[in-house]
Structures are given as structure tokens and as C-alpha cells.
Amino acid sequence: MLAVDASQLMAARDQMALSLGFHIVLSCFGVAFPALIYVAHRRGLRGDADALVLAKRWSKVAAVLFAVGAVSGTVLSFEMGLLWPGLMSTFGDVIGLPFALEGIAFFVEAIFLGIYLYGWNRLSPKVHLRTLIPMIAAGVMGTFCVVAANAWMNSPSGFNLQTAADGSLKVVDVDPVEAMFNNAVWTEFLHMFVAAYMVVGFVAAAVYASGMLRGRRDRVHTLGFRLAFAMATIAAVVQPLIGHVAGMRLAEHQPQKLAAMELATTTEHNAPLNIGGFLIDGKVYGALKIPGLSSLLARGWFNRDVPGLDLAPQADQPPANVVHNAFQIMVGVGTALMLFSLWFWLRRRRGRDPTSGRRFLKMAVVAGPAAVLALEAGWTVTEVGRQPWIVQDVLRVRDAVTPNGGIWISFTVIAIVYAGLGTITYRLLRSMSRRWREADRTATDLPTPYGPPIEDDPRDRVEARR
Amino acid sequence: MSLAALCAALMFFGVVAYAIFAGADFGSGVWDLLAGDAQKGAHLRTQIDKSIGPVWEANHVWLIYVLVFMWTGFPRAFAAMITTLFIPWLFVGLGIVLRGSGFAFRKFAETLTQARLYGAAFAASSVITPFFLGMIAGAIAGGRVPLGRGDLWSSWTGPTSWVGGVLAVLTCSFLAATFLASDAERAGNHELAVQCGKRALIAGVAAGAVAMIAIIPIESDAETLAGGLQGRAAPFVVLSAIAGLFALWRLRAGRFARARVGAVIAVAAVVIGWGVAQYPDVLVDHATISDVAGAHSTLVGLLITFGIAAVTAVPAMVWLFVLVNKRDWAGDSH
């Protein structure tokens with residue numbers, strides 16, 4: 001295969017990591033935001049005017065986020081070929097099917113987004129509300145398909161390798177359905193799917209919590225917080241269970257990844273759980289060791305083996321420090337979010353309103369970015385934990401990377417463009433929210449049976465066009 | 001027709017759909033760029049927002065569809081194509097990012113300055129993107145993309161690529177102007193419709209002229225393509241010319257809805273003609289469909305996927321187009 005220099009490979013990996021890390025946040029909104037909008041919109045149609053305000057505003061936010069998500073997703077599909085032609089030329093027809101099916105999901109989502117956004121006051125209220133349902137379904141299907149392709153890289157199946165006469169490897173007996181329903185797909189899909197609901201729930205709740213911190217305690221804020229936080233709670237409670245099942249799978253199928261996550265240098269019985277810590281020259285430093293817990297958590301009982309990094313030759317071991325610490329961030333933050341959200345509902349049940357305290361609100365604001373952090377950390381575990389393989393035990397990343405030089409240039413361009421996009425998106429959403437607030441204060445007549453016109457204030461328009 | 005050829009045809013169906021629908025969206029951006037200052041261009045820009053706002057994301061997905069069909073059905077051709085044409089694909093990627101986000105940002109911009117900035121990003125990238133896509137098409141059709149690794153520069157800077165790039169921008173502009181004229185007329189803005197009709201005439205004549213002049217460089221640079229266009233694909237070329245002339249004739253008469261039909265047929269026919277001319281090559285002169293076809297079972301899977309899309313995404317898309325073409329969708333919702 002082609003030998004590329006290490007810095008070239010690093011640039012390609014960094015570009016992929018950046019593109020994926022950026023897109024994954026937006027795609028969470030593509031997956032889970034329609035469900036949140038649906039809940040608010042449905043309440044709104046049943047007479048809750050504030051809920052309808054939320055649905056209308058959220059649909060405008062979705063318009064911005066989905067547009068950026070659509071284009072950043074397209075960049076990823078380009079990069080599959082631009083950066084990893086060695087993967088696509090050899091295995092394109094093995095993992096292509098879920099991508100093709102994902103294309104359908106993307107179509108459905110984009111079409112109904114268009115209908116939903118422009119359907120206000122044009123479609124009958126009932127039909128309009130229902131156009132969200134295909135978007136929610138497309139979110140399920142799209143997540144499944146994209147994650148199926150990733151899961152296949154972790155747990156490849158649905159093909160055989162044959163050595164040709166000239167020594168090159170040939171892919172034969174391709175079964176795309178078996179490849180799609182590989183061993184890792186269900187746990188990885190559920191983990192990502194629920195993560196999307198967590199991210200959207202906590203981020204949206206954080207927005208309203210920060211409004212309440214500034215003294216905006218009108219019902220739009222309290223309701224917006226409650227709806228989003230409820231969604232986040234459900235997801236946050238289910239997530240640890242799914243994560244646990246996903247982790248149990250690793251011992252058999254990706255032992256090196258599990259070893260790196262647990263910072264286990266050698267395979268052992270009754271393996272201790274390392275909390276924190278770094279691996280330096282093959283030894284673990286600075287970890288808090290809890291005897292036997294790693295075996296219990298990862299394998300189900302104390303007397304079971306937890307695989308060690310030394311199962312694989314040094315060159316085939318993932319960078320354990322990155323994987324271990326990313327894993328602990330994910331688990332730590334995820335657990336904290338679960339406890340935090342449960343605590344909120346318990347207090348509420350006892351008749352207290354936690355949102356009246358500033359400390360709670362501050363924590364709720366932090367929970368938004370924290371959920372994103374857990375998401376990114378989780379993807380770091382998945383991707384870095386598979387190194388040096390792009391397809392576990394089959395194809396190395398360095399054998400799949402493009403032979404083209406100058407990836408640092410495209411990486412730099414992408415970094416600049418995404419930094420700009422991220423900043424603009426953030427500032428634009430804040431400016432929209434401020435303009436809505438100002439309109440709320442000034443507008444006394446907010447009539448129309450179908451909800452007040454929120455955006456498209458003709459004054460803005462004339463101003464913007466003049 | 002073999003299974004692989006059927007899959008290639010379905011992939012190319014996506015190319016045609018993308019050329020028409022996304023082509024009109026890109027072309028709208030071209031006119032946005034040329035609409036003049038904020039005051040003069042306000043009407044046209046508002047119309048552009050309304051016309052492509054509900055549909056551009058759905059239309060954009062056709063590109064994903066084509067890419068996915070190509071890497072799944074013809075993985076080696078995909079890898080070769082994207083590796084050799086690395087640079088124009090980077091520009092296309094950048095253009096798509098700036099176009100989509102610029103368009104979405106402008107709609108919610110707070111101040112005029114911001115709207116101008118986002119609008120400029122949207123409009124400029126609406127020129128860049130189809131131009132480089134046209135260059136990519138020209139590179140493949142011109143036989144400069146080998147099944148391996150071609151030259152990073154010369155493979156996409158030949159005469160056929162330039163023809164492809166220029167023609168892509170002009171046909172997008174032609175399509176867009178007829179679409180905008182017809183949309184403006186339906187929205188009751190006759191004055192704007194007439195303006196767009198004029199623009200469509202100019203773009204249409206320019207596209208036709210370039211297409212005719214292009215015969216000379218293509219003859220020498222891309223023999224296989226030229227042979228195909230004069231032979232097997234000749235009926236499509238003729239159909240495209242007739243439909244184009246029909247569109248121009250209807251534009252002159254101010255019958256914009258009719259002109260739109262002619263424009264769509266003209267562009268579809270010329271794109272189909274390209275496909276027919278290079279059949280059975282995926283990468284002209286370097287790889288035929290059967291050379292690079294993926295596993296049989298995967299091709300069957302693609303066929304089934306297309307079937308699923310035909311009963312899910314396609315009816316939804318038809319509904320979207322029916323809705324946006326209804327009279328009460330043409331005006332304001334508020």
C-alpha cells in the first residue's frame with residue numbers, strides 16, 4: 001500500500017475529527033429537535049399559546065441549525081472520499097448500503113423541513129403539526145444508518161478477504177445486509193440516538209435557564225425549560241444502561257478499545273477500576289484504583305478477565321491516555337447529568353421549584369455544554385479507541401488515507417470556516433432571541449388563532465433589505 | 001441492460017435531477033449576485049428567498065444521492081475520481097458550505113450589513129459551486145480521470161472542463177431566471193417577472209452560443225464524448241436545442257410557466273445526452289460500468305433502496321413542489 005508521511009496522516013485525521021466533531025452537534029438537532037418542537041407545537045394547538053410561541057421560535061432556530069447541519073454533513077460525505085479513498089475503494093460496496101438508505105432519510109428530513117417551515121398559516125394546523133412526524137422518523141432512520149456504517153468499522157462483517165495472486169487483498173462474498181446489521185450496530189445506534197436527545201434537551205434547557213438567571217421568568221421561559229429538561233431527563237436516565245451494554249460488548253469484539261478505556265495494561269482477573277490516571281512507559285500513574293470494579297462493570301462479575309493493552313503488539317494499541325480520559329469524561333459527565341436531572345424532578349414532586357435558586361440555574365446552564373462535551377468525548381472513545389485501524393483488524397488508517405499532499409491546507413481552511421460558522425450561528429441565534437424578546441415587550445396585540453407572527457417583522461425586513 | 005448498468009442509470013438520474021433542481025437554486029444565487037445594490041435588488045432577492053427557501057435543502061440532497069450511489073455501486077471509480085479531482089472537489093465542498101449557511105443566515109440577519117455579508121457569501125458561492133462541478137463533469141467526460149491517480153491539476157483544467165464549468169453556470173442561470181420569472185408572475189409581481197424573463201433570455205442565448213462554440217474544443221479534446229454526442233446521443237442534443245428555442249420563444253412572449261417547461265427539458269436533455277454519449281464508461285476512456293461495478297448483492301441493495309426512495313421520498317417531494325407552486329404559497333404567510 002501507499003506509504004504516506006505521518007504528518008500527512010495526522011492532518012487527515014484531524015480534519016476528519018474536526019468535521020465530525022462539528023457536524024455531530026448539529027446532527028443531534030436534526031435528530032432530536034423535531035421531537036421537541038412536536039411536543040411544544042402539539043400543546044400549542046391544544047390551547048397553550050406560550051407553547052405555540054416556543055414551537056414557532058424553535059422552528060426558526062431549526063431552520064438555521066439544519067442548514068448548517070446539511071452542509072457540514074455534505075462535507076463529511078466528501079471527506080469519506082477525499083481523505084479515505086483507501087477505505088471507499090475497497091469497502092465502498094460493503095458499507096455503502098446504509099449510506100444509501102441514510103440518503104433517503106436525509107431527503108425526507110429536508111423535504112418535510114421545507115414544508116414545516118413554510119407551512120405556518122398555509123397548511124391546516126393538524127396537517128402542519130403532522131409534517132414533523134416524518135422528520136422525527138427520519139431522525140431515527142438516519143441515525144441508525146450512519147451509525148451502522150461506523151459500527152461496521154468497529155465490528156466489520158458481511159464480507160471475506162481473499163489474497164490475490166499478486167499479494168493484494170480482495171474483498172469477496174459481500175453481504176451488505178449482514179454488514180449493516182453488524183454486531184455493534186444496535187448498541188452504538190441506541191447510544192448515539194439517545195445522546196442526541198440528551199444534547200438537544202440539555203442545550204435547549206440551558207438557553208432558558210440562562211434567560212431565567214437574567215430575570216426573565218415569564219411562562220415562555222419556564223415552559224421552554226421544562227419541556228426541554230423533561231426530554232433531557234428521559235434520555236439521561238436511559239443512557240447509562242445503554243452505555244453499559246455497549247461496553248460489555250467490547251470485551252469480545254474490541255478488547256484493545258476496552259483495555260484503553262479501562263487503562264488496563266495487562267489482562268487480569270478481578271481487575272481494578274482506574275479512575276483518572278495516565279499511562280507513561282507502560283505503567284499507570286495517578287489513578288485511583290478500586291479493586292475488582294472494572295471486572296464487575298465491563299464483564300459483569302468480579303472473577304472475569306478484563307483484557308489488557310498487551311494483547312496487541314505495541315504498534316496496534318490505541319493511544320490509551322486519550323481513550324481512557326475521554327471515556328471517563330463521558331461517563332462522569334453523563335452520570336452527573338442523570339443525577340442532576342433526577343434531582344430536579346424529585347424536588348419538584350416535593351412541591352419545590354428548583355429553578356427559583358440561582359445555583360440550580362447556573363448548573364442547568366453548564367449542563368448544556370456539558371452534554372455536548374460528553375457527546376464529543378464519546379465519539380473520541382469510539383474513534384480513537386479503534387486506532388490504528390480504520391476497519392478494526394482489517395484495514396489500517398494509514399493504508400486508507402489519501403495519497404494527495406497538502407491536507408494541512410484543507411484542514412486549516414476547514415478550521416477557519418467552521419470557526420466562523422460556529423461563531424456566526426451562535427451570535428445569530430442570540431440576536432434572534434433578543435429580537436423576539438423586544439417584540440414581546442412592545443407588541444401588545446399578538447392575535448391570530450394560529451399563533452403570533454414572531455419572525456419576519458416587516459420592519460426588520462425593510463431594514464435588512466434597504 | 002445489466003444490473004450494474006441499471007444502477008448507473010439510477011445514479012445518473014440523480015445527476016439529472018441535481019442539475020435541474022439544484023441548478024435552479026444555484027442560478028438564483030448567480031442572479032442574487034448580479035441584482036445590484038441593496039435597494040435595487042430588494043425585490044429580486046426577496047423573490048429568490050421565497051422561491052428557493054422551502055426547496056433548496058431537499059434539492060441539495062440529490063448530490064448526496066449521486067455520491068452515495070457512486071461509492072456504493074462503483075467504489076473504485078468514486079475513489080479514483082475524488083482522488084484525482086481533489087482540488088475542484090474541495091472548492092465544491094467549500095462552496096456548498098458557504099452557499100447553504102449564507103442563505104440560511106441571511107434570512108434571519110439582524111442588520112443590513114450582516115444581510116449583505118451573508119448574501120454575498122451565498123451569491124458568490126452559488127457561482128463557484130456549479131462552476132467547479134461543471135469542471136469536474138468536464139474532466140470525467142473529457143477522459144482525463146484515470147482509474148488510479150491522475151494529475152492533480154491538468155486532469156481538470158483541460159478545454160472540456162472549462163466548457164463544463166462555464167456551461168454549468170450559464171445553464172443554472174438560465175433555469176433560475178425562468179423559474180424566478182414564473183414564480184414572480186404567479187405571485188402577482190408582473191414587473192419583476194418581466195425583468196427575470198429578460199435575464200432568462202440573455203442567459204439562454206449565452207448558454208446556447210457557448211454550447212455551439214464548445215463543439216470545437218470538445219472535438220479535439222474529448223473524442224469519445226464528441227463521438228457519442230454526434231452519434232448515439234444526437235437525438236438528445238437536438239431535443240435540447242428545440243426545447244431551448246421553445247423556451248426562448250415563450251420567454252419573449254411573456255409566457256413564463258411554459259418557458260419553464262422548455263428550460264427544464266432543454267437542460268435535462270443535454271445532461272442525459274452527456275450520459276448517453278459516454279455510456280458505457282463511468283470514467284471516460286478509462287473505466288466502463290462493468291469494470292468498476294461493486295458486488296452484485298450490493299447492487300441489488302441499491303435497487304431496493306431506490307425502490308424505497310420511490311415510495312417515500314419521491315411522493316413527499318412531489319407534495320412539496322405542489323405546495324410551493326400553489327398560489328397561496330407564493331405570497332407572504334404573515
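The coordinates are above.
Thresholds, definitions, all that
- Residues numbered from 1 in each chain as written.
- Chains lettered and ligands numbered in written order.
- Predicted model: local features only at pLDDT ≥ 70, side-chain atom pairs only at ≥ 80, totals over all residues.
- Helix = DSSP H or I, 4+ residues; strand = E, 2+ residues; numbered from the N terminus.
- Rg over C-alpha atoms; globule rule 2.2 N^0.38 Å.
- Contact = placed C-beta atoms within 7 Å.
- Buried ≥ 20, exposed ≤ 12 C-beta atoms within 10 Å, placed from the backbone.
- Nonpolar A, V, L, I, M, F, W, Y, C, P; charged D, E, K, R; others polar.
- Axes fitted to C-alpha atoms, helices over the stretch in contact; angles between N-to-C directions.
- Parallel < 35°, antiparallel > 145°, perpendicular 65-115°, else oblique.
- Left-handed = near helix turned anticlockwise from the far one by under 90°.
- Core = buried A, V, L, I, M, F, W, Y, C linked by C-beta atoms within 7 Å.
- Pairing = 2+ DSSP bridges.
- Expected span 1.5 Å × (residues − 1).

Draft legend 1. Expanded view of the overall build of chain A. Check the secondary structure of chain A and you find 15 helices and eight strands. Taken over C-alpha atoms, the radius of gyration comes to 24 Å for chain A, in line with the 23 Å a tight globule of 466 residues would show. Its C-alpha atoms give chain A principal-axis dimensions of about 75 × 50 × 35 Å. Partitioning the intrachain contacts of chain A with sequence separation of at least 6 by distance along the chain shows that 77% fall at a separation of at least 24.

Draft legend 2. Examining the overall build of chain B more closely. Secondary structure assignment for chain B yields 15 helices and two strands. Since a compact globule built from 334 residues should have a radius of gyration of about 20 Å, the 20 Å found for chain B is in line with a globular shape. C-alpha atoms of chain B, sized along the principal axes, occupy 55 × 40 × 35 Å. Partitioning the intrachain contacts of chain B with sequence separation of at least 6 by distance along the chain shows that 78% fall at a separation of at least 24.

Draft legend 3. Highlighting the environment of B:Thr83. Position of B:Thr83 relative to the elements: it lies in helix 4 (residues 75-84). In this structure B:Thr83 comes out as buried when scored by C-beta crowding, with 23 C-beta atoms within 10 Å. Linking B:Thr83 and B:Asp151, residues 68 residues apart in sequence, is a C-alpha distance of 9.6 Å. The residues contacting B:Thr83, other than those within four sequence positions of it, are A:Pro85, A:Thr402, A:Pro403, A:Asn404 and B:Arg149.

Draft legend 4. Molecular detail of the interface of chain B and chain A. Opposite the 63 residues of chain B that make contact, chain A presents 62 residues. It is helix 3 (residues 56-73) of chain B that contributes the most residues to the side of chain B that touches chain A, 12 residues altogether. Residues belonging to the side of chain B that touches chain A are distributed by class as follows: 40 nonpolar, 17 polar and six charged.

Draft legend 5. Just the packing of helix 1 (residues 3-33) of chain B against helix 6 (residues 112-141) of chain B, in detail. Residues and elements named next belong to chain B. Between helix 1 and helix 6, the least distance of the axes is 8 Å, while the angle of their chain directions is 125 degrees. One element, helix 1, and the other, helix 6, form an angle in the oblique class. Where helix 1 crosses over helix 6, the handedness of that crossing is left-handed. Here Gly-23, Phe-26, Gly-29, Val-30, Asp-32 and Leu-33 of helix 1 come into contact with helix 6, specifically with Gly-119, Phe-122, Ala-123, Ala-124, Ser-126, Val-127, Thr-129 and Pro-130.

Draft legend 6. Focus on the nonpolar core. Membership of the largest hydrophobic core comes to 292 residues, with the highest contact counts inside it found for A:Leu36, A:Ile111, A:Met198, A:Val199, A:Val200, A:Ala205 and A:Ala371. With sequence-adjacent residues up to four places away left out, A:Met198 is seen in contact with A:Ala232, A:Ala235, A:Ala236, A:Gln239, A:Leu337 and A:Ala371.

Draft legend 7. Region of interest: the environment of B:Val300. Residue and element names in this part refer to chain B. Along the chain, Val-300 turns up in helix 13 (residues 296-311). Residue classification places Val-300 among the partly exposed positions, given that 15 C-beta atoms sit within 10 Å. Sequence-wise, Val-300 and Gly-244 are 56 residues apart; in three dimensions their C-alpha atoms are separated by 37 Å.

Draft legend 8. The arrangement of the pairing of strand 1 (residues 160-163) of chain A in detail. All names here are of chain A. The pairing of strand 1 with strand 2 (residues 169-172) spans four bridges and is antiparallel. Paired with Asn-160 across the bridge in strand 2 is Val-172. Linking strand 1 back to strand 2 in an antiparallel pair, the connection comprises five residues, with Gly-167 at a positive phi of about 90 degrees.

Draft legend 9. The arrangement of helix 9 (residues 255-262) of chain A in detail. Residues and elements named next belong to chain A. Of all eight residues that make up helix 9, seven are buried, and the element is covered over most of its length. Buried within helix 9 are the following residues: Gln-256, Lys-257, Leu-258, Ala-259, Ala-260, Met-261 and Glu-262. Looking at the buried positions of helix 9, the neighbouring elements they touch are helix 8 (219-253), strand 3 (273-275), helix 10 (293-299), helix 11 (320-349) and helix 12 (358-384).

Draft legend 10. Up close: helix 3 of chain B. The terminal C-alpha atoms of helix 3 of chain B lie 26 Å apart, and with 18 residues this matches the ideal 26 Å at 1.5 Å per residue to within 8%. Most of helix 3 of chain B sits inside the fold, with 18 of its 18 residues counted as buried.

Draft legend 11. Unusual backbone geometry, seen in detail. Cis geometry is found at the peptide bond from A:Gln387 to A:Pro388, where omega equals 0 degrees. Assignment of secondary structure puts A:Pro388 in the loop between helix 12 and strand 7 (389-391). With omega at 5 degrees, the peptide bond leading from B:Tyr279 into B:Pro280 counts as cis. With respect to the helices and strands, the residue B:Pro280 is situated in the loop between helix 11 (256-278) and strand 1 (281-283). Non-glycine residue A:Asp393 carries a positive phi angle of around 65 degrees. For B:Asp285, which is not glycine, the phi torsion reads 70 degrees and is therefore positive. Among the secondary structure elements, B:Asp285 is positioned in the loop between strand 1 and strand 2 (287-288). A tally of 17 C-beta atoms within 10 Å means that B:Asp285 is categorised as partly exposed.

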